[in-house]
Amino acid sequence: MFNLILFGPPGAGKGTQAVKIAKTFGWEHISTGDILRAEVSQGTPLGLKVQSIMQEGHLVSDELLVAIMESVFLNNRAAEGFVLDGFPRTLNQAQELDKMLLKHGQKVSLVLALVVNEEELVKRLLKRAQEHGRDDDTEEVIKNRLVQYHQHTKPLIDYYIEKNIYQEVYGVGSIEDIFNQLCASIKP
Ligand code: AMP
């Protein structure tokens, strides 16, 4: 089983590339943001709990995210691989992911980071707000989401560098060029 983490700040293009990678390699694309948004739009108890946190651009609790990931894994036992998009986002989530994978005789195979400068990120997120009406893409919330990334998620880079499974791809350019560079780094 190949467990790929697609890493990067909000707006780096993780979602777009994760879909293409999953399709190409026949793996499951797991976007925790999509899972949470589905819960919110269905008005489930979980959705009601996380709605305001997401609207403000804060992170949902590690406990909830780890529970979600565990059930995703258990429900997809036959998968040949996973593309994780938006998870892990904290050191604690990364450590819990490792523990969970180890329990199933697995590990994170590769972390591919999309590198995009801050100015470009804000531009893309504002455009996405206009086009898709995501209510966590307003200017103030975008700032908050980037702060969360710098405070909680970016430190994961060192965690994965130490494990020798971290690689970067420059995330500005055409979707196809970036996709080809990502694919060149994936050796299942
Ligand atoms: P995304 O679509 O990945 O940008 O996620 C949208 C929002 O969902 C984030 O701003 C968080 O509020 C929440 N979220 C998604 N994934 C996680 C995670 N791994 N940990 C905490 N919160 C998350």
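Residues numbered from 1 in each chain as written. Predicted model: local features only at pLDDT ≥ 70, side-chain atom pairs only at ≥ 80, totals over all residues. Heavy atoms only, no water.

**Quick look at the site of the ligand**
Move 1: Neighbouring the ligand are 16 residues, the closest being Thr32, Arg37, His58, Gly86 and Gln93.
Move 2: In this structure, Thr32 approaches the ligand through a side-chain N or O atom, which is 2.8 Å from a nitrogen atom.
Move 3: Take His58: an N or O atom from its main chain is 2.6 Å from an oxygen atom of the ligand.
Move 4: About the coverage of the ligand: the protein hides 96% of its 480 Å² of free accessible area.
Move 5: Residue contributions to the shell around the ligand peak at four residues, all from helix α2 (residues 32-42).
Move 6: Class assignment for the residues of the shell around the ligand results in six nonpolar, five polar and five charged. (Near = heavy atom within 4 Å. Polar contact = N/O pair within 3.5 Å; in protein donor to acceptor, adjacent residues only side chain to side chain. Areas by Shrake-Rupley, 256 points an atom, 1.4 Å probe, with all protein chains shown as cover. Helix = DSSP H or I, 4+ residues; strand = E, 2+ residues; numbered from the N terminus. Nonpolar A, V, L, I, M, F, W, Y, C, P; charged D, E, K, R; others polar.)

**Some remarks on the pattern of salt bridges**
Move 1: In total, this model carries eight salt bridges according to the counting rule given.
Move 2: In this structure, Asp34 and Arg37 form a salt bridge, with 2.9 Å as the shortest nitrogen-oxygen distance. Taken together, the residues span about one helical turn, with Asp34 and Arg37 both in helix α2 at a distance of three residues.
Move 3: For Arg37, a relative accessible area of 27% corresponds to the partly exposed category.
Move 4: Across the pair Asp98 and Lys163 runs a salt bridge, and its minimum N-O distance is 3.5 Å. One end of the pair, Asp98, is in helix α5 (residues 91-103); the other, Lys163, is in the loop between α8 (156-162) and β5 (166-170), with 65 residues separating them in the sequence.
Move 5: Its relative accessible area of 17% is what places Asp98 among the buried residues. (Salt bridge = Lys/Arg side-chain N within 4 Å of Asp/Glu carboxyl O. Buried < 20%, exposed > 50% of the residue type's maximum accessible area, 1.4 Å probe, protein only.)

**Examining the sheet that holds β5**
Move 1: Taken in spatial order, the five strands line up as β2-β3-β1-β4-β5 in an open sheet, and their pairing is parallel. Edge positions in the open sheet fall to β2 (28-31) and β5, since each of these has one partner strand only. Recorded for the sheet is a direction-independent mean angle of 20° between the axes of neighbouring strands.
Move 2: Direction of pairing for strand β1 (residues 2-7) relative to strand β3 (residues 81-85): parallel, over a ladder of five bridges. The residue of β3 that forms the bridge with Leu6 is Asp85. (Pairing = 2+ DSSP bridges. Axes fitted to C-alpha atoms, helices over the stretch in contact; angles between N-to-C directions.)

Nothing here speaks to function; it is all geometry.
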